[in-house]
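Examination of the molecular architecture
Spelled out from the first residue to the last, the chains are:
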Amino acid sequence: GAGVSQSPRYKVAKRGQDVALRCDPISGHVSLFWYQQALGQGPEFLTYFQNEAQLDKSGLPSDRFFAERPEGSVSTLKIQRTQQEDSAVYLCASSLEDPPAPAGVTDTQYFGPGTRLTVL
Amino acid sequence: KQEVTQIPAALSVPEGENLVLNCSFTDSAIYNLQWFRQDPGKGLTSLLLIQSSQREQTSGRLNASLDKSSGRSTLYIAASQPGDSATYLCAVSYNQGGKLIFGQGTELSVKP
């Protein structure tokens, strides 16, 4: 079946431009996560949605970062006035988990291929 | 602060060797721990998930152990193959369905 897809796969932006990154989660997955991965580092949490509700945005590095999931499916991560330090791979993940989950249901997160953002 | 550390940062071994990757976490009150594999330019693939009540999980040539009280996990890879070359990431979650906190990864190279 189809996995998590992200678009574009690569994005080059000039400093100061706005960008929008899209994530299509696995159909039926309730939870959606965004992570930022700098070169040579592990991913770092940005924000989390349960259906259309953004329940945790504590990892967003500044108010230039904004995420939405208006219909509880596709999500968009928007970065305004991009800076060079925003250059990273942005990963989206989805999971089926919908508390309270039945016993034995795992909440494995399934990751997309990521969008590599380069800000010049 | 909840942190995850992986040692070593990079590892190169000849084909056929057994190897161990290490992961430690500062806050032992985890809900679960996962090991992921990441190939260059690709997303993350989940290898093994260990719930906090479990001691180990096995999948094929992979075995992951968890010592929650000491804040440690190991990933054991038996009879390594060149196709195992990738970055291996350890991540913990502190609640059901919660965000993952990742280590910085171990870059593994298996030489033919």
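Nothing here was measured: the structure is a model prediction, and the numbers come from that model. (Residues numbered from 1 in each chain as written. Chains lettered and ligands numbered in written order. Predicted model: local features only at pLDDT ≥ 70, side-chain atom pairs only at ≥ 80, totals over all residues. Heavy atoms only, no water.)

Moving on to the sheet that holds strand E1 (residues 5-7) of chain A. All names here are of chain A. Taking strand neighbours across the sheet as the criterion, the 4 strands line up as E1-E3-E8-E7 in an open arrangement whose pairing is antiparallel. Every other strand in the sheet has two partners, leaving E1 and strand E7 (65-68) as the edge strands with one partner each. Across the sheet, the mean angle separating the axes of adjacent strands is 15° when strand polarity is ignored. (Pairing = 2+ DSSP bridges. Helix = DSSP H or I, 4+ residues; strand = E, 2+ residues; numbered from the N terminus. Axes fitted to C-alpha atoms, helices over the stretch in contact; angles between N-to-C directions.)

Tallied over the full model, the rule gives 1 cavity of 30 Å³ or more. Here the largest cavity defines a volume of roughly 30 Å³. Every residue lining the largest cavity is listed: Asp107(A), Gln109(A), Asn32(B), Gln34(B), Ser93(B), Gly97(B), Gly98(B) and Leu100(B). The residue makeup of the lining of the largest cavity, split by class, is 1 nonpolar, 6 polar and 1 charged. (1 Å grid on protein atoms, 1.4 Å probe; cavity = no way out; pocket = protein on both sides within 12 Å on 5 of 7 lines; lining within 4 Å. Points joined across faces, edges and corners; volume = space filled by probe spheres on them. Nonpolar A, V, L, I, M, F, W, Y, C, P; charged D, E, K, R; others polar.)

What follows concerns the side chain of Thr115(A). All names here are of chain A. For threonine 115, the position within the fold is in strand E11 (residues 115-119). On the accessibility criterion, threonine 115 (1% relative accessible area) is buried. Of note is the side chain of threonine 115, whose polar atom sits 2.5 Å from the backbone oxygen of proline 8. Excluding anything up to four places from it in sequence, threonine 115 contacts Gln6, Ser7, Pro8, Arg9, Lys11, Leu21, Ala88, Val89 and Tyr90. (Buried < 20%, exposed > 50% of the residue type's maximum accessible area, 1.4 Å probe, protein only. Polar contact = N/O pair within 3.5 Å; in protein donor to acceptor, adjacent residues only side chain to side chain. Contact = heavy atoms within 4.5 Å.)

Without other data, these values stay purely geometric and don't point to any function.
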